[in-house]
Amino acid sequence: MSVLLPIYPLQFLGQSNRWFPVRTRSKPVCLALTNAQTNGGDQEENVVIVGAGIGGLTTAVSLHRLGIRSVVLEQAESLRTGGTSLTLFKNGWRVLDAISVGPQLRPQFLEIEGMVVKKEDGRELRSFKFKDEDQSQEVRAVERRVLLETLASQLPPETIRFSSKLESIQSNANGDTLLQLGDGTRLLAKIVIGCDGTRSKVATWMGFSEPKYVGHCAFRGLGFFPNGQPFQNKVNYIYGKGLRAGYVPVSATKVYWFICFNRPSLGPKITDPAILKKQAKELVSTWPEDLQNLIDLTPDETISRTPLVDRWLWPGIAPPASKGRVVLVGDAWHPMTPNLGQGACCALEDSVVLANKLANAINGGTESIEEAMESYGSERWSRAFPLTVRANLVGALLQWENPLVCSIRNNIVIPKLLRLGPMLEHTNFECEPLFVSK
């Protein structure tokens, strides 16, 4: 049974100048001074976040808004700002507004008005306007680099520790977690939040299986038009047989594009931009020229080819989201395919939900830290698991190769049966602004 424990006069967290009571099921947890040295020489940290990606930085900013300091470990030497862009729907923007970064990002990216679905010969099958389906809908393609840099700028100096590769994890008798880093540093953490992506070492330690390859890969790139890109503010989808592509304007000069293709096995990893461009163009050689031009205008550092993976969190089979005072966020827990555009949005949601629950527990609410993590896992599982399954099934349907099935899709399902409104119901998510209560 949980009991409210006295406030410890050793410590206050973050910028709120308030003392924090901390409870667990069985014993007090004193969140000792950050960066203090234990007798054994290990560095003590209160809240350690593993991974400075979207989930990790959003979690850190969310906790910071609530007056709780954290340390973010990133194995790279700097922010991983390579790559292209990601599409954020209104649920993602609700989170960014809640942590007060939405207003900084909006002016930099175009609002997308709708979507157009085409055949591989360029013939339009159907078009939609987002506001016609939902007046509150907001869709923008956001550069990953800009999003990460904006989130990082909201954190106190030295919050992010670069070149900090996690090598091993070990829990001790009182529930703390010992993190061994590649440079020999040892951190003893009261709370660990794993945000280290699809290859998460934290998830592996917690007993999760490797994400499963779903049978198709994606080329991605960010076309650059120095004199201004020529496209309308719409998502453009092109469907073929076992092959699909799409592109969407990001800003006045940049356009994100992708090509998704079936591949039974992963094959060798290729990073040479010239080879990647050649392969991508060969796949869509007879498709609309806009795609060919986009590929040609893509800077080498933004093009990639990645396998699509996911992990289905079957109830009773998959481990829970938390183990003691260690918990997972985003792709580290529930990697999903990008077919609904919800991977990043879901990670953003995770971050604010977890931050709120942890802050309530740390501030002496009715739940212990472990209970707060379990509550987070239960609430977010009911959101993430259906989205993961749905994204997988949508991708499988869109990657059909059978000519008859594709004909039915193009001539009946899309033009006559498809309704956008129900397909976007999963973007409904509400959260209040995060701030330190007085």
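To be clear, the structure that these remarks concern was listed above.
The rules behind these values
- Residues numbered from 1 in each chain as written.
- Predicted model: local features only at pLDDT ≥ 70, side-chain atom pairs only at ≥ 80, totals over all residues.
- Heavy atoms only, no water.
- Helix = DSSP H or I, 4+ residues; strand = E, 2+ residues; numbered from the N terminus.
- Rg over C-alpha atoms; globule rule 2.2 N^0.38 Å.
- Buried < 20%, exposed > 50% of the residue type's maximum accessible area, 1.4 Å probe, protein only.
- Salt bridge = Lys/Arg side-chain N within 4 Å of Asp/Glu carboxyl O.
- Pairing = 2+ DSSP bridges.
- Axes fitted to C-alpha atoms, helices over the stretch in contact; angles between N-to-C directions.
- Contact = heavy atoms within 4.5 Å.
- Disulfide = S-S within 2.5 Å.
- Expected span 1.5 Å × (residues − 1).
- Bend = angle between axes of the 7 residues up to and from the residue.
- Core = buried A, V, L, I, M, F, W, Y, C linked by side-chain atoms within 4.5 Å.
- Phe/Tyr/Trp six-rings, centres within 6.5 Å; stacked < 30°, edge-to-face > 60°.
- Lys NZ or Arg CZ within 6 Å of the ring centre and 35° of its normal.

## Digging into the overall build of the protein chain
Scanning the protein chain for helices and strands turns up 12 helices and 18 strands. Against the globule reference of 22 Å for 438 residues, the protein chain gives a C-alpha radius of gyration of 23 Å, in line with a compact fold. In terms of principal-axis extent, the alpha carbons of the protein chain reach across some 70 × 45 × 45 Å. Per-residue burial over the protein chain gives 53% buried out of 438 residues.

## Brief notes about the pattern of salt bridges
Evaluation of the coordinates by the stated rule reveals 25 salt bridges. Measuring nitrogen to oxygen at the nearest pair gives 3.4 Å for the salt bridge that ties Asp300 to Lys277. In this pair, Asp300 sits in the loop between helix 8 (289-296) and strand 16 (304-310) while Lys277 sits in helix 7 (residues 273-283), placing the two residues 23 residues apart along the sequence. For Glu282, the salt bridge goes to Lys278, with nearest N and O atoms at 2.6 Å.

## Topic: the sheet that holds strand 6 (residues 124-129)
One open sheet holds the 7 strands; their spatial order is 6-5-13-14-15-12-16, and the pairing between them is mixed. Taken across any chain shown, the strands that pair with only one partner, and hence form the sheet edges, are strand 6 and strand 16. Strand-to-strand twist across the sheet, computed as the mean angle between neighbouring axes with direction ignored, equals 20 degrees. Sheet topology note: the strand 13 (residues 234-239)/strand 14 (residues 243-249) ladder contains 4 bridges and is antiparallel. Pairing of Asn236 across the sheet is with Tyr247, part of strand 14.

## Quick look at the pairing of strand 10 (residues 177-181)
Counting buried positions over the 5 residues of strand 10 gives 4, a clear majority of the element. As paired strands, strand 9 (residues 166-171) and strand 10 are joined by 5 bridges and run antiparallel to one another. In the strand pairing of strand 10, Gln170 is matched with Leu178. Between the antiparallel neighbours strand 9 and strand 10 lie 5 residues, among them Gly175 with a positive phi of about 95 degrees.

## Quick word on the side chain of Ser322
Residue placement: Ser322 occurs in strand 17 (residues 322-323). Aside from chain neighbours lying at most four places away, what touches Ser322 is Met206, Val327, Met373 and Glu374.

## Quick notes on the state of the cysteines
As used here, a disulfide is simply a covalent bond connecting the sulfur atoms of two cysteines. The tally for this structure, following the rule as stated, stands at 0 disulfides. Just so you know, Cys345 is unpaired, no disulfide at all, and the nearest cysteine sulfur is the one on Cys346, 8.3 Å from it. The buried category is assigned to Cys345, whose relative accessible area is 0%.

## Concerning helix 10 (residues 369-398)
In a regular helix each residue adds 1.5 Å, so 30 residues correspond to 44 Å; helix 10 covers 42 Å between its end C-alpha atoms and thus fits that length. The largest bend in helix 10 amounts to roughly 35 degrees and is located at Trp381.

## Points about the pairing of strand 14
Most of strand 14 sits out of view: 7 of its 7 residues are buried. Residues Leu243, Ala245, Tyr247 and Pro249 point to one face of strand 14 and Arg244, Gly246 and Val248 to the other, with burial holding for every one of them. Bridge count between strand 14 and strand 15 (residues 254-262): 7 bridges; the pairing is antiparallel. Paired with Val248 across the bridge in strand 15 is Tyr256. Adjacent in sequence and paired antiparallel, strand 14 and strand 15 are bridged by 4 residues.

## Some words on helix 9 (residues 343-362)
Relative to the 28 Å expected for 20 residues at 1.5 Å per residue, helix 9 spans 28 Å between its end C-alpha atoms, a close match to the ideal helical length. Summarising burial for helix 9: 17 of the 20 residues are buried, a large majority. Once helix 9 ends, the next one or two residues include Gly364, with phi positive near 90 degrees.

## Some words on the nonpolar core
Grouped together as the largest cluster of nonpolar side chains are 99 residues, with contacts concentrated most on Leu57, Leu88, Leu96 and Ile193. Sort the elements by how many residues they give to this core and helix 9 lands first, with 11 residues. In this view, Leu57 contacts Gly51, Ala52, Leu79, Leu148, Leu151, Ala152, Leu155 and Ile160; residues no more than four positions away in its chain are not counted. The next biggest cluster of nonpolar side chains, apart from the first, holds 22 residues, and it includes Ile259, Leu276, Trp287 and Ile303.

## Quick word on the packing of aromatic side chains
Using the criterion set out here, one finds 11 aromatic pairs in the structure. These aromatic residues form a ring-pair network of at least three members: Tyr237, Tyr239, Tyr256 and Phe258. In this structure, Arg140 is placed above the aromatic ring of Trp93, and the distance from its NZ or CZ to the ring centre is 5.7 Å. One cation-aromatic arrangement involves Lys323 over Trp205; the distance from NZ or CZ to the ring centre is 4.2 Å.

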